[in-house]
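Observations on the model geometry
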Amino acid sequence: MNICNREGGRCAEMAMVCLTDFEEYAKEHLSKATWDYYAAGADECCTRDDNLLAYKRIRLRPRILRDVSVSDTRTTVQGTEISFPVGIAPTAFHCLAWHEGEVATARATEALNTCYITSTYSTCSVEEIVAAAPNGYRWFQLYVYRDRKLSEQIVHRVEALGYKALVLTVDVPYTGKRRNDIRNQFKLPPHLKVKNFDGVFQQETAGPEEYGIPANTLDPSISWKDVYWLQSITRLPIIIKGILTKEDAELAVEHGVQGIIVSNHGGRQLDGGPASIDALSEIVDTVQGRIEVYLDGGIRTGSDVLKALALGAKCVFIGRPAVWGLAYKGEEGVREVLQILNDEFRLSMALSGCRNVAEINRNLIQFSKL
Ligand SMILES: Cc1cc2nc3c(=O)[nH]c(=O)nc-3n(C[C@H](O)[C@H](O)[C@H](O)COP(=O)(O)O)c2cc1C
Ligand SMILES: CCCCCCC(=O)C(=O)O
């Protein structure tokens with residue numbers, strides 16, 4: 001029954017059962033340009049789409065009769081307890097989806113007691129985010145700017161505000177080619193700003209722009225020596241986001257960082273790279289527990305979370321589903337998205353015989369015989 005009296009559409013009164021319900025709602029209610037920006041993958045979107053398909057290729061080996069009357073989804077990241085192993089990946093421009101933007105996201109993650117990685121390209125400032133959810137557990141996602149002082153200033157700001165780690169994104173020397181964004185000439189509308197650099201970016205707008213913000217501000221010459229530079233200006237743990245190979249995982253460990261996020265940026269950068277879940281095992285095998293390994297890309301169900309943990313991720317992060325939640329009902333929508341994933345994860349754990357996250361391991365995965 002369509003209780004909203006709409007022809008085949010999804011509206012705010014309908015029960016949201018799974019994350020794709022939120023996707024459908026967001027697609028119907030956001031402007032085309034905003035939807036296209038959030039949904040975008042690079043070029044032919046092969047990697048974006050494979051991020052989801054790859055989970056469907058993985059089969060589980062459930063164990064039975066293990067008394068799963070109580071299941072505990074808690075875990076730790078960087079020594080801090082969170083209620084379940086799903087956090088929010090950094091995504092830009094939350095005010096496009098909901099008027100309160102990142103403030104709503106921060107409140108939702110505080111309420112659910114999980115980790116929120118705030119994007120450099122937030123449309124609320126880090127000060128507004130912390131004021132809105134003072135007890136939230138947060139990491140800050142950093143890009144390295146040609147003008148290192150810009151990066152340095154934001155690092156010192158987030159450190160003073162109580163952010164607990166820096167997530168250095170390393171897969172954007174240049175922005176990937178997202179065809180619909182080009183067709184739509186997508187740009188941040190004038191009433192929204194990259195608030196963390198309010199005033200600073202405005203002075204630079206004489207030159208070319210990308211998404212309505214000055215182009216060429218990110219430094220494509222960034223290299224491993226910049227990890228040492230970052231370590232020299234902060235005491236926060238550093239987590240590198242965007243690693244997809246064992247070689248780079250080994251270099252990350254050798255450079256003394258505290259974590260890795262296996263990620264292909266939601267398939268928005270290099271098209272033709274591996275699905276992040278397919279890249280996970282070689283990285284976990286190389287790292288051998290020396291630092292924590294996380295993953296993002298294509299997580300849409302609780303069993304996706306279970307598979308990623310079974311293959312060695314300590315925690316996973318969701319990108320697009322969080323903005324779909326925002327588009328649905330702001331803070332409440334993001335809470336619902338997280339709660340659904342938590343419930344599905346708990347159920348998948350129990351149905352595969354795991355009572356807590358420590359019991360999730362590679363024996364749960366069925367490796368096909370070649
Ligand atoms: C709309 C959008 C904006 C993004 N903005 C950022 C960003 O500002 N910084 C960053 O490191 N990654 C960014 N990402 C990549 C996400 O952090 C993450 O890697 C990806 O979304 C995970 O895939 P999923 O959307 O399938 O969960 C963005 C992704 C999307 C979809
Ligand atoms: C000028 C670079 C804008 C990047 C915007 C955020 C991002 O990473 C994305 O994938 O979109």
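Given the structure is predicted, the values throughout are model-derived calculations rather than measurements.

A word on helix 4 (residues 102–112). With 8 of its 11 residues buried, helix 4 lies for the most part within the structure. Buried within helix 4 we find Glu 102, Val 103, Ala 104, Thr 105, Ala 106, Ala 108, Thr 109 and Leu 112. The secondary structure elements touched by the buried residues of helix 4 are strand 4 (86–88), strand 5 (115–118), helix 5 (126–132), strand 6 (137–142) and helix 12 (320–351). Residue Asn 113 follows helix 4 closely and has a positive phi angle near 50°.

Glancing now at the site of ligand 2. Residues in contact with ligand 2, as listed here, are Tyr 37, Ala 92, Tyr 121, Tyr 143, Thr 175, Arg 178, Glu 210, Tyr 211, His 265 and Arg 268. Contacts to ligand 2 include Tyr 37, whose side-chain N or O atom sits 2.7 Å from an oxygen atom. The side chain of His 265 places a nitrogen or oxygen atom 2.9 Å from an oxygen atom of ligand 2. Computed on the free molecule, ligand 2 has an accessible area of 340 Å², of which 94% lies beneath the protein chains in the complex. Given that more than half its atoms are within 2 Å of the pocket grid, ligand 2 belongs to the largest pocket. Tallied by class, the residues present in the shell around ligand 2 amount to 5 nonpolar, 2 polar and 3 charged.

The calculated volume of the largest pocket comes to roughly 710 Å³. Residue lining of the largest pocket: 44 residues in total, with Tyr 37, Tyr 143, Arg 178, His 265 and Arg 268 positioned closest to the centre. Going through the elements one at a time, helix 2 (32–39), strand 9 (213–214), strand 13 (315–318) and helix 12 are the ones with two or more residues in the lining of the largest pocket. With 3 residues, helix 12 is the largest single contributor of residues to the lining of the largest pocket.

Our next topic: the packing of helix 6 (residues 148–161) against helix 8 (residues 225–233). Helix-helix packing is characterised by the crossing angle of the two axes and by the distance between the axes. Between helix 6 and helix 8, the least distance of the axes is 10 Å, while the angle of their chain directions is 45°. By the criterion of interaxial angle, the relationship of helix 6 to helix 8 is oblique. Helix-helix and strand crossings are classified by hand; for helix 6 and helix 8 the assignment is right-handed. Between helix 6 and helix 8, the contacting residues are Arg 148, Ser 151, Glu 152, Val 155, His 156 and Glu 159 on the first element and Asp 226, Trp 229, Leu 230 and Ile 233 on the second. Counted by class, the contact of helix 6 with helix 8 contains 4 nonpolar, 2 polar and 4 charged residues.

So, about the pairing of strand 10 (residues 238–243). Two faces belong to every sheet, and in a regular strand the side chains alternate between them. For strand 10, the buried fraction is high: 6 of the 6 residues fall into the buried class. When strand 7 (residues 166–169) meets strand 10, the two strands line up parallel, connected through 4 bridges. In the strand pairing of strand 10, Leu 168 is matched with Ile 240. In this structure, strand 10 lies alongside strand 11 (residues 259–262), joined through 4 bridges in parallel fashion. Counterpart to Ile 243 in the pairing with strand 11 is Val 262. Traced from strand 10 through helix 9 (residues 246–254) to strand 11, the parallel crossover comes out right-handed.

This next bit is on the side chain of Thr 217. One can find Thr 217 in the loop between strand 9 and helix 8. Residue Thr 217 is classed as buried on the basis of its relative accessible area of 9%. Within the structure, the side chain of Thr 217 is placed 3.4 Å from the backbone oxygen of Pro 214, a separation counted as a polar contact.

The next subject is the packing of aromatic side chains. Per the stated rule, a full pass over the model turns up 15 aromatic pairs. Pairing Tyr 37 with Tyr 211 gives two aromatic rings, centres 5.3 Å apart and planes at 75°, and the pair type is edge-to-face. Placement of the pair is Tyr 37 in helix 2 and Tyr 211 in the loop between strand 8 (209–210) and strand 9, with a sequence separation of 174 residues. Look at Tyr 211 and you get buried, because its relative accessible area is 15%. Through a chain of ring-to-ring contacts, the aromatic side chains of Tyr 37, Tyr 38, Phe 93, Tyr 121, Tyr 143, Phe 186 and Tyr 211 assemble into a single cluster. Residue placement shows Arg 138 over the ring face of Tyr 163; its charged tip is 5.8 Å from the ring centre. The ring of Tyr 37 carries Arg 268 above its face, with NZ or CZ at 4.9 Å from the centroid.

So, about the confidence of the model for the chain. Per-residue confidence for the chain averages 95 on the pLDDT scale, and 96% of its residues sit at or above 70. Contacts of residues 1–5 to residues separated by more than four positions or lying in other chains number 8 contacts, the stretch itself having pLDDT below 50. Scored by ipTM, the complex comes to 0.99, with pTM at 0.97.

Calculation notes
- Residues numbered from 1 in each chain as written.
- Chains lettered and ligands numbered in written order.
- Predicted model: local features only at pLDDT ≥ 70, side-chain atom pairs only at ≥ 80, totals over all residues.
- Heavy atoms only, no water.
- Buried < 20%, exposed > 50% of the residue type's maximum accessible area, 1.4 Å probe, protein only.
- Helix = DSSP H or I, 4+ residues; strand = E, 2+ residues; numbered from the N terminus.
- Contact = heavy atoms within 4.5 Å.
- Near = heavy atom within 4 Å.
- Polar contact = N/O pair within 3.5 Å; in protein donor to acceptor, adjacent residues only side chain to side chain.
- Areas by Shrake-Rupley, 256 points an atom, 1.4 Å probe, with all protein chains shown as cover.
- 1 Å grid on protein atoms, 1.4 Å probe; cavity = no way out; pocket = protein on both sides within 12 Å on 5 of 7 lines; lining within 4 Å.
- Sits in = over half its atoms within 2 Å of the grid points.
- Nonpolar A, V, L, I, M, F, W, Y, C, P; charged D, E, K, R; others polar.
- Points joined across faces, edges and corners; volume = space filled by probe spheres on them.
- Axes fitted to C-alpha atoms, helices over the stretch in contact; angles between N-to-C directions.
- Parallel < 35°, antiparallel > 145°, perpendicular 65-115°, else oblique.
- Left-handed = near helix turned anticlockwise from the far one by under 90°.
- Pairing = 2+ DSSP bridges.
- Right-handed = clockwise from strand over helix to strand, strands pointing away.
- Phe/Tyr/Trp six-rings, centres within 6.5 Å; stacked < 30°, edge-to-face > 60°.
- Lys NZ or Arg CZ within 6 Å of the ring centre and 35° of its normal.
- pLDDT = per-residue confidence, 0-100.

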